[in-house]
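Residues per chain are reported as follows:
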Amino acid sequence: MVTPTALEAELFAVAGSVPDPELPVLTLQDLGVLRAVRLRDADAVEVELTPTYTGCPAVEAMSQDIERALREHGVREVTVRTVLTPAWSTDDISAEGRRKLREFGIAPPRTVRDPGPVPLELGPTRAGRTVGPTAGPTARRAAPEPGAGHALPAGSATAADDRQPDPIRCPHCGCADTELLSRFSSTACKALRRCLACREPFDHFKEL
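Cut-offs applied
- Residues numbered from 1 in each chain as written.
- Predicted model: local features only at pLDDT ≥ 70, side-chain atom pairs only at ≥ 80, totals over all residues.
- Heavy atoms only, no water.
- Pairing = 2+ DSSP bridges.
- Helix = DSSP H or I, 4+ residues; strand = E, 2+ residues; numbered from the N terminus.
- Axes fitted to C-alpha atoms, helices over the stretch in contact; angles between N-to-C directions.
- Salt bridge = Lys/Arg side-chain N within 4 Å of Asp/Glu carboxyl O.
- Core = buried A, V, L, I, M, F, W, Y, C linked by side-chain atoms within 4.5 Å.
- Buried < 20%, exposed > 50% of the residue type's maximum accessible area, 1.4 Å probe, protein only.
- Contact = heavy atoms within 4.5 Å.

Novice: Would you take a moment to explain the sheet that holds strand 3 (residues 77–82) for this structure?
Specialist: Taken in spatial order, the three strands of this open sheet run 1-2-3, and their pairing is mixed. Each end of this open sheet is capped by a strand with a single partner; those strands are strand 1 (34–41) and strand 3. Ignoring which end each strand starts from, the neighbouring axes of this sheet average 20° apart. Direction of pairing for strand 2 (residues 44–49) relative to strand 3: parallel, over a ladder of six bridges.

See the structure below:
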């Protein structure tokens, strides 16, 4: 691992202070998408940025904002490079970022990923058919998840919201007794939940 120079660390802090265009309460450093800032010349740098998912439409805005911030700091040439490996995970959100989310009224994602392969559970492709070696004309229809209104499409990962050992706590009162209202909220990365104690609805930043 290459240790950044003092100037690279300074420029990383400048680029990292740029707000996320979709969730301005977080900076890019809080979100964990800024990977590195490297000097290529006396006044030229290369920035490594990892999107939250491939094809994320916010990457262009992030890149432009990073370039603007570094140029205002005196850097003449800025190149922003998209890096897909290692992939971004909600585990990359910093402790400070999680605190900011909670104070903003959004339940932060839980830390659930261990190093290694990520298991997926596949739902039926259509009613009466299951995915896997037991699929066939006589196969039973897979039982739906508790509370699910319809089968998941083939290849979809079942939501982990209500199966995790750690509860999703209400950011308003801290109660762990909450319910899922919708798997999607204002953005695809958030779900809508409601606290059963204070009855307030809130967004939950889903784990990835």
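Back to the text.
Novice: It is not clear to me how the pattern of salt bridges should be interpreted in this structure. Could you clarify?
Specialist: Oppositely charged side chains can pair when the atoms bearing their charge come close. Under the counting rule described, the total for this entry stands at 14 salt bridges. Here Asp-30 makes a salt bridge to Lys-100, at a shortest N to O gap of 2.7 Å. Of the two residues, Asp-30 sits in helix 2 (residues 28–31) while Lys-100 sits in helix 4 (residues 95–104), which places them 70 residues apart along the sequence. In this structure, Glu-179 and Arg-194 form a salt bridge, with 2.5 Å as the shortest nitrogen-oxygen distance.

Novice: What am I meant to see in the nonpolar core here?
Specialist: Side chains that are nonpolar tend, in soluble globular proteins, to be buried together. Within the largest apolar cluster, 29 residues are counted, with the highest numbers of intra-cluster contacts made by Leu-31, Val-45, Val-47, Ile-66, Leu-70 and Phe-205. With six residues, helix 3 (residues 58–72) is the largest single contributor of residues to this core. When neighbours within four sequence positions are excluded, Leu-31 is seen to be in contact with Asp-20, Leu-26, Thr-52, Met-62, Trp-88, Asp-92, Ile-93 and Phe-205. Ala-107, Ile-168, Cys-170 and Cys-195 belong to the second-largest nonpolar core, a separate cluster that totals five residues.

Novice: Sorry if this is basic, but what is going on with the pairing of strand 6 (residues 190–195) here?
Specialist: Sheet faces and side chains relate simply in a regular strand, where the side chains alternate between the two faces. The pairing of strand 5 (residues 178–182) with strand 6 spans four bridges and is antiparallel. Bridge pairing in strand 6 links Thr-178 to Cys-195. In this sheet, strand 7 (residues 201–205) lies alongside strand 6 in antiparallel orientation, the contact comprising five bridges. Residue pairing across strands places Ala-191 opposite His-204, the latter belonging to strand 7. The hairpin turn running from strand 6 into strand 7, its antiparallel successor, is five residues long, and Arg-199 in that turn takes a positive phi close to 70°.

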